[in-house]
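Observations on chain architecture
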Amino acid sequence: MRTSTLVAVLATGLAACIGAAMANRNAADRRAIDGGAPVRRQDPQQTEIDKKTVLPLPAIRAPKGLGDEAFEHVRAITAFGERRTGNPPTPGWTRQLDYIEAQCHKLGLEVVRDTWTDAKEHLTFTNLSATIPGKKHERIVLCCHHDTKRTSGHADPEHNFDFVGANDGGSGVGVLLALAPVLLAEKREATIELVFFDGEESLDWAWNDAARALFGSKRFAKRHRDALLLGEEPRIEALVLLDMVGGKDLHLQEELYSTPRLRRILWSAAVACGHEKRVFQRAEAANDDHKPFLDVGIPALDLIDLNGNPTWHKPTDTLENVSPASLQITADLVLTMLPEIERAYVLRQN
C-alpha cells in the first residue's frame, strides 16, 4: 500500500471513529435533557408522547398578516413552475434560488450558497443558508426543502404531470422567508440559521428508503459533522423542519422519528396557542430532511402534514389549496417553541 493511500485510509478511519464518538456524546448529552430516553431511536413504532403532560409555554403569536406574507412568497415561487435540478435544471429552480437570496438580502442577511455535483447522480444541487446571530454561537436550525418532486420521465404515465409544489416545497419556503424579519427583530440566546435544502424529493417515484433523496440534508449534516471535528463552526443544538405546512385542512402529525422532547414542546406550543386540533391528531414516522441530523445525534423535529394529505405529489398541489391561515398557525407554533428550545438545548436547563 502506498504511503498516501495509507494516510488517506487512516484519516478516513479516524474521522469515522471521531464522528461516532461525537454522535454518542451528543446522544448522551441529549439523554440528560430528554429525561433518559435516547433521542436517536429510529424505530417508527416508538411511542407517542403523553399529551396530558403539557409544558406551561406562553403563546407567542406571529404578527398579524404574516400568513398572508408567507402566502405571497408561495405565490411568487409557484409562478416559476417546477423547481428541481437536472441536466439542465428547470428554469424555476434557478429563479427560486435567486428569489430566496434576494429576499434575504433585503433584510441584510448574507446568504451562503453551497453548490455541488453528486458523483453518483451527476446532478448539481444547491443549499442556501442565512444566519441570524444570537447572544451565543450555538445554533438552532430552522429549515425546509426548496425543490419540487420530479413528475416527468417516469415509466408510469400517472406519475407524469405538471407540478408546482405549492405546499410540498413552497409552504416551508414561504414561512421561513416571512419569519425572517420577525426573528431579526429580537435578540435571541441562540444563533438562528435558516436553511433551504435542495434534493429532498426522491429521483425515483418511489421513496426506496431515501436512496436517491435527501441530498441537501445529508450533505449539510455531513459537512457540519466534519467542520465540528475540526473546530471550524459551533454546534447545531437542535433543528426544526417545516415540510408541507400550508394545506387548507392543516394537520401536523406527530412525526415519530422526531426527538421526543421536541415533540412535547410542539404539542405544548399548540396548546398554548389554541391550535390543538391542528396538531398530533395522528401519528406516523416520516423519513424526511431531519433524519440525517438525528443520525449524527442532533435533536430534530419535523413539522409535516403527510398522513392523509390529499394533494401530496398530486397535480392538485397548487396555490388554490394553500391557506394563509395555515401558514399563520405554523408561524405561531415556531415562535412559541423557540424560547423553550433555546432554554432546553442551548442554555441546557431542565
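Look a little higher up for the structure.
Summary of the structure given here. As the structure is a computational prediction, the values presented were derived from the model and not from experiment. (Residues numbered from 1 in each chain as written. Predicted model: local features only at pLDDT ≥ 70, side-chain atom pairs only at ≥ 80, totals over all residues. Heavy atoms only, no water.)

Let us now look at the layout of surface pockets. One water molecule sets the probe size; rolling that probe over the atoms shows where empty space is left. Taken as a whole, the largest pocket encloses approximately 440 Å³ of empty space. In terms of lining, the largest pocket is formed by 24 residues, of which the most central are W207, N287, L306, W312 and H313. Residue composition of the lining of the largest pocket, by class: 12 nonpolar, four polar and eight charged. By volume, the second largest pocket is sized at about 300 Å³. Lining the second largest pocket are 14 residues, with V112, S129, E193, F220 and E233 sitting closest to its centre. Listed by contribution, the elements that provide at least two residues to the lining of the second largest pocket are β1 (111-117), β2 (124-132) and α5 (215-229). Ranked by residue count, the leading element in the lining of the second largest pocket is β2, at five residues. By residue class, the composition of the lining of the second largest pocket is four nonpolar, four polar and six charged. (1 Å grid on protein atoms, 1.4 Å probe; cavity = no way out; pocket = protein on both sides within 12 Å on 5 of 7 lines; lining within 4 Å. Points joined across faces, edges and corners; volume = space filled by probe spheres on them. Nonpolar A, V, L, I, M, F, W, Y, C, P; charged D, E, K, R; others polar. Helix = DSSP H or I, 4+ residues; strand = E, 2+ residues; numbered from the N terminus.)

It is worth spelling out the side chain of R139 at this point. Structurally, the position occupied by R139 is in strand β3 (residues 139-145). Polar side-chain contacts of R139 include one of 2.4 Å to the side chain of E193. A distance of 3.0 Å separates polar atoms of two side chains, one belonging to R139 and the other to H224. Other than its neighbours up to four places away in sequence, R139 contacts T191, E193, F220, H224, E233, P234, R235, I236, E237 and A238. (Polar contact = N/O pair within 3.5 Å; in protein donor to acceptor, adjacent residues only side chain to side chain. Contact = heavy atoms within 4.5 Å.)

Compared with an ideal rise of 1.5 Å per residue, which puts 15 residues at 21 Å, α5 spans 21 Å between its outermost C-alpha atoms and is within 8% of the ideal. Where α5 ends, the next residue or the one after it, G231, has phi of about 70 degrees, a positive value. (Expected span 1.5 Å × (residues − 1).)

Let us look at the pairing of β3. Within β3, seven of the seven residues are buried, which leaves it mostly tucked inside the rest of the structure. Both faces of β3 are covered, namely the face carrying R139, V141, C143 and H145 and the face carrying I140, L142 and C144. Note that β3 and strand β4 (residues 191-197) share seven bridges and pair parallel. By the bridge assignment for β4, C144 is matched with F196. Handedness of the β-α-β unit built from β3, helix α4 (residues 170-185) and β4 comes out right-handed. Where β3 lies against strand β5 (residues 236-243), five bridges are found, and the strand directions are parallel. Bridging across to β5, R139 finds its partner in I236. (Buried < 20%, exposed > 50% of the residue type's maximum accessible area, 1.4 Å probe, protein only. Pairing = 2+ DSSP bridges. Right-handed = clockwise from strand over helix to strand, strands pointing away.)

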